[in-house]
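Summary of structural features
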Amino acid sequence: MRILKKALIVLGILIAIPLILAAFTKKDYAVEKEITINKPNQEVFDYIKSLKNQEKFSKWASMDPNMERIYAGTDGTVGFVAGWKSDNPDVGVGEQEIIAIDDGARVDFELRFKEPFEATDKAYMTTEGIGNNQTKVKWGFTGRMNYPMNFMMVFMDMEELIGNDFAIGLENLKKNLE
């Protein structure tokens, strides 16, 4: 009986430690990457505001060339939705909606992941003319992991997980536009 009692105490402590640590672990994260493209700002902006163009540069779009794509609305305008459905668990099922546009400067998106997990996060792309027909493009993502799942943030480097994919996508964008 004493051994069982000690085992239950140890088990309780092992369960309590991550829950306690999660209470003090950050819940929000943000990732942003940038690149300079040798094209005028408006030309770059007009390209990136089209969600269908992301299929030509986003790393995620290339992970399953056979994924089903669903569109609603007018691309490049607020309210346009681009959805995807893939059997590849790294791609899953979800949709992205344009929620705001500041012409020539910024496009905001809402990402709604449905499978293999449910989450709603924000993303954005910005452009800034930096002279001599050059444009700085930033691609960013913000998210939140609620308690107690935020404990995984201790072991996950979101900059590496998402940032590397953004960097690849921005390099593809540069190649496509230049």
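Residues numbered from 1 in each chain as written. Predicted model: local features only at pLDDT ≥ 70, side-chain atom pairs only at ≥ 80, totals over all residues. Heavy atoms only, no water.

1. As for the overall build of the protein chain
This is how it is decided: Numbering goes from the N terminus for both helices and strands, where a helix is a DSSP run of H or I of at least four residues and a strand is a run of E of at least two. Only protein chains enter the accessibility calculation, which uses a 1.4 Å probe; a residue whose area is less than 20% of its type maximum is buried, one above 50% is exposed, and one in between is partly exposed. The contact definition used throughout considers only heavy atoms, calling two residues in contact when any of these lie within 4.5 Å. For accessible areas, the Shrake-Rupley method is used with a probe of radius 1.4 Å. Any residue's cover is judged against the shown protein chains and nothing else.
The secondary structure content of the protein chain amounts to 5 helices and 7 strands. The order of α-helices and β-strands along the protein chain, N terminus first, is α-β-α-α-α-β-β-β-β-β-β-α. Counting every position in the protein chain, which comprises 178 residues, the buried fraction comes to 38%. A fraction of 54% describes how many contacts in the protein chain between residues 6 or more apart in sequence connect residues 24 or more apart. Counting only carbon and sulfur atoms, one obtains 56% of the accessible surface of the protein chain, whose full area is about 10500 Å².

2. Focus on the side chain of Glu110
In plain terms, the rule: Definition of a polar contact: a pair of N or O atoms within 3.5 Å, with one able to donate and the other able to accept a hydrogen when the atoms are protein atoms, and with sequence-neighbouring residues admitted only if both atoms are side-chain atoms.
Structurally, the position occupied by Glu110 is in strand E5 (residues 106-115). Overall, Glu110 belongs to the buried group, its relative accessible area being 17%. Within the structure, Glu110 has its side chain in polar contact with the side chain of Arg112 (distance 2.5 Å). Of the polar contacts made by the side chain of Glu110, one reaches the side chain of Lys122; its length is 2.7 Å.

3. With respect to the pattern of salt bridges
Where we set the bar: Here, a salt bridge means any side-chain nitrogen of Lys or Arg that lies within 4 Å of a carboxyl oxygen of Asp or Glu.
Throughout the structure, instances matching the rule amount to 9 salt bridges. A salt bridge links Arg106 to Asp108; its shortest N-O distance comes to 3.0 Å. Given the relative accessible area of 31%, Arg106 is considered partly exposed. Note on Asp108: relative accessible area 18%, which makes it buried. Ionic contacts of the salt-bridge type, sharing partners, join the residues Glu95, Glu97, Glu110, Arg112, Lys114 and Lys122 into one network.

4. A word on the packing of aromatic side chains
One pair of aromatic rings is described through two measures. These are the centre distance and the angle between the planes. The line we're drawing: The criterion for an aromatic pair is that two Phe, Tyr or Trp rings (for Trp, the six-membered ring) have centres within 6.5 Å, with stacked assigned to planes under 30 degrees apart, edge-to-face to planes over 60 apart and tilted to the rest. Comment: the charge-over-ring label is applied if NZ (Lys) or CZ (Arg) is within 6 Å of the ring centre and within 35 degrees of the ring normal.
Within the structure shown, the criterion is met by 7 aromatic pairs. When the centroid spacing of 6.3 Å and the interplanar angle of 35° are considered together, the rings of Tyr47 and Phe57 count as tilted. Here Phe57 lies in the loop between helix H3 (51-54) and helix H4 (59-62) and Tyr47 lies in helix H2 (residues 41-48), a separation of 10 residues in the sequence. A single burial state applies to Tyr47 and to Phe57, both of which are buried. With 6.2 Å between their ring centres and 70° between their planes, Trp84 and Phe113 make a pair best called edge-to-face. Residue Trp84 is found in strand E3 (residues 81-85), and its partner Phe113 is found in strand E5; the two are separated by 29 residues along the sequence. Among the aromatic residues, those joined into a cluster by ring pairs are Tyr47, Phe57, Trp60, Trp139 and Phe166. One residue, Lys52, lies across the ring of Tyr71, its end atom 4.6 Å from the ring centre.

5. A few points about the pairing of strand E4 (residues 93-102)
In plain terms, the rule: Here, any two strands with at least 2 DSSP bridges between them count as paired.
Taken together, the 5 bridges between E3 and E4 define a ladder with antiparallel strand orientation. Among the inter-strand pairings, Gly83 is bridged to a residue of E4, identified as Glu95. Across 9 bridges, the pairing between E4 and E5 is antiparallel. Across the sheet, Glu97 pairs through a bridge with Glu110, a residue of E5. Two successive antiparallel strands, E4 and E5, enclose a turn made up of 3 residues, where Gly104 displays a positive phi of approximately 80°.

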